[in-house]
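These are the residues of each chain, in order.
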Amino acid sequence: MKLSGLLLIVIMTMSGIGYWYYTDTQRTIAVLTSNNAKLEMAVATNEDTIKTMAADFAAASAELKRVNTEFAAIRTQNNRLANKLADFDLGLLAAAKPESIERAVNRGSANASRCFELLSGATLTDSEKEAENGDKFNKECPWLYDSYKSRGMLNDTPANTSNE
Amino acid sequence: MPDVDQVNMRKVEWIILTEDNMDEKIAELKAGGAALAIFGLTAQGYENLGLNFSDIRALVQQQQQIIVAYDNYYKASVQALDAAETQRLQEEVADTVTKSEGSKWNPFD
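Residues numbered from 1 in each chain as written. Chains lettered and ligands numbered in written order. Predicted model: local features only at pLDDT ≥ 70, side-chain atom pairs only at ≥ 80, totals over all residues. Heavy atoms only, no water.

1. Some details on the state of the cysteines
Residues and elements named next belong to chain A.
Item 1. In total, this model carries 1 disulfide over all chains according to the counting rule given.
Item 2. Shown here is the disulfide that connects Cys115 with Cys141, its sulfur atoms set 2.1 Å apart. In this structure the cystine formed by Cys115 and Cys141 twists about its S-S bond by roughly -100°; its chirality is therefore left-handed. With Cys115 in helix H3 (residues 98-119) and Cys141 in the loop between helix H5 (134-137) and helix H6 (143-150), this pair connects stretches of sequence that are 26 residues apart.
Item 3. According to the relative accessible area criterion, Cys115 is buried, its value standing at 0%. (Disulfide = S-S within 2.5 Å. Helix = DSSP H or I, 4+ residues; strand = E, 2+ residues; numbered from the N terminus. Buried < 20%, exposed > 50% of the residue type's maximum accessible area, 1.4 Å probe, protein only.)

As structure tokens, then:
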């Protein structure tokens, strides 16, 4: 009887220790699992941040490259007039043919002014929409023709030839 | 952002005066009735004015390209940040689901 009582006490004590050990271990596992999840989350967040920064850097680099290309094109376009003027002596020509040079400079000035209007977003005129190439579009800024064409803002078929 | 104001350039008319046509041109100008005053430029001055105009046009174009670049960059950044935030939320949800699935096997919880 005494032995069975003692055995019962030992079993109960062992069961208690077992229960305590189990719950304590589970609590520790839960804490570790939670910490692990937080670390995994932190790693994932860091990876996402790195990916975002890399994408950001790539986008910035691409834009920088595009802007540098555009700037080079704009500088070339800006040299057109200087190159044109270097080809002849305007004073000499004007003295010899004042009427025709007067017409030419007035046409050039009107075209140059129109370039500014277009750069500010002016609506295209019918003749600009129907232009077949850059020079017919505007001799002072023919490069704008390609920009408008790529945006589908020009008539594909010129109106003056559509009825032929 | 609003678009810039559209410019309407005012008409500028050049008159070329030479030794030969000066009297004729001055007579034409006087015939209009207005007081005669001529704002003159030499050929070199005219060329310089044209080149200055061309430089300003190039400057406007360059500024426009910079604005386009900033616009593109801003849109790409917002898109990348939105994508990262969506992914982070998805990972958080997935983590919460995993945790709740793990705890159901604990008989004492």
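2. Here we look at a nonpolar patch on the surface
Item 1. Together, B:Ile15, B:Leu17, B:Met22, B:Leu29, B:Leu36 and B:Ile38 make up an exposed nonpolar region whose accessible area comes to about 440 Å².
Item 2. Mapped onto the secondary structure, B:Ile38 falls in the loop between helix H1 (22-31) and helix H2 (43-103). (Patch = residues over 30% accessible without salt bridge, like charges linked within 9 Å, V, L, I, M, F, W, Y side chains within 5 Å. Areas by Shrake-Rupley, 256 points an atom, 1.4 Å probe, with all protein chains shown as cover. Salt bridge = Lys/Arg side-chain N within 4 Å of Asp/Glu carboxyl O.)

3. What to know about the interface of chain B and chain A
Item 1. At the junction of the two partners, chain B supplies 49 residues and chain A supplies 50 residues.
Item 2. When the two sides are added together, the surface that chain B and chain A hide from each other amounts to roughly 4,300 Å², 61% of it contributed by carbon and sulfur.
Item 3. Its largest share of buried area at the contact with chain A, chain B owes to B:Ile16, B:Arg57 and B:Gln65, together 15% of the area lost on that side.
Item 4. Joining chain B to chain A, the criterion identifies 2 salt bridges.
Item 5. The residue A:Glu99 makes a salt bridge to B:Lys25 at a minimum N-O spacing of 4.0 Å.
Item 6. At the junction of chain B with chain A, the criterion picks out 17 residue pairs in polar contact (both at pLDDT 80 or more).
Item 7. The dominant element in the side of chain B that touches chain A, judged by the number of residues it contributes, is H2(B), at 32 residues.
Item 8. Along the lines of polarity and charge, the residues of the side of chain B that touches chain A split into 24 nonpolar, 14 polar and 11 charged. (Contact = heavy atoms within 4.5 Å. Buried area = accessible area lost by both parts, 1.4 Å probe. Polar contact = N/O pair within 3.5 Å; in protein donor to acceptor, adjacent residues only side chain to side chain. Nonpolar A, V, L, I, M, F, W, Y, C, P; charged D, E, K, R; others polar.)

4. Things to note about the pattern of salt bridges
Item 1. Applying the stated criterion to the full structure yields 9 salt bridges over all chains.
Item 2. Measuring nitrogen to oxygen at the nearest pair gives 3.6 Å for the salt bridge that ties A:Arg27 to A:Asp24. Pair noted here: A:Arg27 and A:Asp24 are both in helix H1 (residues 2-86), with a separation of 3 residues, about one helical turn.
Item 3. When its relative accessible area of 29% is taken as the criterion, A:Asp24 is described as partly exposed.
Item 4. Several salt bridges share partner residues, and in doing so they unite A:Glu99, A:Glu102 and B:Lys25 into one network.

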